Amino acid sequence: MSYQFDFAALLPYWPEFAMGMWLTLQLSAVATVLGFVVGTLCAIGRADGPPAVKWAVAAYVEIIRNTPLLVQIFLVYFGIATLGVHVSANMAAVAALVVNVGAYTSEIVRAGLESVHKAQLEAADCLGLSRAQTYWHVILRPAVERVYPALTSQYVLLMLASSITSQISAEELTAVANRVQSDTFRSFETYIVVGLLYLLLSFVVRVAFWLFGMGVFARRRKLGTAL
Amino acid sequence: MSSTLSSPLSPVVSLSNVHKSFGALKVLDGVSFDVGVGEVAAIIGQSGSGKSTALRCINALETIQQGTIQVCGHAIHDPALDRRALRRDVGIVFQSYNLFPHLTVEQNIMLAPTCVKALSKGEARDLAREVLSHVGLEAKADQYPEQLSGGQQQRVAIARSLAMRPKLMLFDEVTSALDPQLTGEVLKVMETLAREGMTMILVTHEMAFARKVASKVVYMHQGRVWETGTGAMLDDPQTPELRAFIGNGL
Amino acid sequence: MQSFGLIHVEFLAWAALWTVGLSLIAFVGGGLLGFAVALARVSGSLAVRAAAIVYIQIVQGTPLLILLFLIYFGVAVAGFSGVPAILAAGAGLTVYSSGFLAEIWRGCIQSVPKTQWEAAECLALTRWQRMTRVILPQALRMATAPTVGFLVQIVKNTSLASVVGFVELSQAGKLINNSIFEPFTIFVTVALFYFALCFPLSTWSRSLERKLNVSRR
């Protein structure tokens, strides 16, 4: 093996890598927040909605879980264009990621909702809380707390999967890598560096979720139960 | 067999010829009784006699097939019942406490007053302190339910109901899940409430407590009100069924 | 310009066979490697265990896309030029699958109660015998549902092999789109193909899971 590694050639590109990381974080953060909202609403709809809503959510989840993200991204990207609306690649990327992660979130949150005991709902009802108040104060927080580790893993996967949006020329870390490697012809080195940067981002996302969890789930914080 | 004991004031709760089935199983078979203001009514009977179902019907947790139930002026049997209005007048305490595990004791108590009665956080906190001192647990305000004993959790559950200032309190076998030592502390709280004039209906296995505190005892058997009277009725049962029940129980 | 027709569907059907083939390569390769990593992950040696943890963390913490690029360019760097796309794609997906399958199977192995290990040890079985005769047969029952579930992930992720030029379903869709530009029709059809492959697997996985839950009760 006579290959000479040359990482020095990549040094001048560090601002681009940094920008790529930042864009990837932004992209995933927006998709995570919106995906969580969409997924949670779907989970509630599936658990408690009229039959038509239940059916629609089940179909949505099955379709998304049984087709590749890459194809979903193409469909959203070209689909929006077909409607005659012009949006940036990054907007289409966020939309596709939200549609995708919303389905997975809804399945995870549904498991959490099912873990909340019926007696809790009865107690809330007897205290006079409305349906919405019961969901907000009594059901959602314990439900999400129960499945928080699964949600964390799902959103780390989302961050990694956001690399696929480079295929519609969305601006993020992998797109930066593709550009740098074609500028420098140092493909192997570039992807080693970017691989390490993604590892770093995975770690950052996990830490962020852990800190957020400590902030939101006060009981865990006080009683020292592991998240 | 039927109630002849008339309440001195207009009744807070009035059941008349209530029928309830779960599928083919008849659980309530023409139940009628009244509970007046300030009365403490104890419903006793074997498991399967329909006593817990009767209590749940009073709070509209079960729907009935026939008959009428009036509770604090609400027609429970009416499909157009305003449940939220009913909830403001009636508090209930369950056998399994059903505290919200992710909220502190104080937050458990503050939840309904802020959500339902739109009290400010400050007012609700003062209220929480007040009802907690009533059940002797002011020191536990910032603890989580899982940090408390069963008896303490049940007293918090009572305080949580009291915070809504109900006109009527229902107790569904609230000491059945507790050790004898812990049972005592919960019964003491209930006795205090009774002395203060709270109208209460309790489903219970504690015969000594029923005899001492209840102003009215309703003995249910096979989905019917079999015998009604004062606490003294337990010393002088009229029917062989009640005699057998007391014989087994004591 | 021609419009989307039967000939394109036929082309996609052929490409779907390549998707299936690539999935099988990834499953078999990833299964063998993943099994070794899972055993390493529960090994008695701290060093072996640590190595397995690092391997799993790296594979699970890097996008598959980047893994594919790394292997594609890495092979060239190692001096083999002109490696067929199917090998690069197969190797990338094998590594990816091994990292996830190892973690799934580790969970199954460790969910066998500790008392089973102790009982086997008290019967004087060697560590290897304990593993193969007592633990793995029990872990296997728990592993089937999530493993079939992961097969769905593998099938879907073969779509990324298109980035190293392997012609499977997604790449075939792109090629057709380049010639007739009817993206919506084309990719809906592509999605239907994927759905036809994945939905039966998902359903199977769920029914396995239900059966296991019933027998556990």
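Residues numbered from 1 in each chain as written. Chains lettered and ligands numbered in written order. Predicted model: local features only at pLDDT ≥ 70, side-chain atom pairs only at ≥ 80, totals over all residues.

In the annotation of an unreviewed UniProt entry, chain C is listed under the name Amino acid ABC transporter permease and assigned to Azospirillum cavernae.

Here Tyr194 of chain C lies in helix α8 (residues 183-216). The spacing of Tyr194 of chain C and Ser170 of chain C is 24 residues in sequence and 9.4 Å in space, taken between C-alpha atoms. If we skip the residues at most four places from it in the chain, Tyr194 of chain C touches Asn66, Thr67, Pro68 and Val71 of chain A together with Lys156 and Leu169 of chain C. (Helix = DSSP H or I, 4+ residues; strand = E, 2+ residues; numbered from the N terminus. Contact = placed C-beta atoms within 7 Å.)

What follows covers the UniProt feature "transmembrane region" (unreviewed entry) in chain C. Feature annotation in UniProt places "transmembrane region" (unreviewed entry) on residues 12-40, 52-73, 85-105 and 184-204 of chain C, given in this structure's numbering. As annotated, residues 184-204 of chain C comprises 100% helix and 0% strand, and the C-alpha atoms at either end are separated by 30 Å. (UniProt positions renumbered as here; feature names shortened; annotations may be inferred.)

Attention now moves to the sheet that holds strand β2 (residues 25-36) of chain B. Residue and element names in this part refer to chain B. The antiparallel open sheet is built from four strands, whose spatial order is β2-β1-β4-β5. A single partner strand is all that each edge strand has here, and the edge strands are β2 and β5 (74-75). As paired strands, strand β1 (residues 11-22) and strand β4 (residues 66-71) are joined by five bridges and run antiparallel to one another. Looking at β4, one finds that Val13 is bridged to Val71. (Pairing = 2+ DSSP bridges.)

With 30 residues of chain C at the interface, the matching set in chain A holds 29 residues. Where the side of chain C that touches chain A is concerned, the elements lending two or more residues are α2 (46-61), α3 (64-77), α6 (127-157) and α8 of chain C. Per element, the largest residue contribution to the side of chain C that touches chain A is 11 residues, and it comes from α8 of chain C. Classifying every residue of the side of chain C that touches chain A gives 21 nonpolar, eight polar and one charged. (Nonpolar A, V, L, I, M, F, W, Y, C, P; charged D, E, K, R; others polar.)

It is worth spelling out the interface of chain B and chain A at this point. Where interface size is given, it is often the accessible area lost as the parts come together that is meant. The interface of chain B with chain A comprises 18 residues on the first partner and 18 residues on the second. When contributions to the side of chain B that touches chain A are tallied by element, the ones reaching two or more residues are α2 (83-89) and α3 (105-116) of chain B. At four residues, the largest contribution of residues to the side of chain B that touches chain A is made by α3 of chain B. Looking at the side of chain B that touches chain A residue by residue, the class counts come to 11 nonpolar, four polar and three charged.

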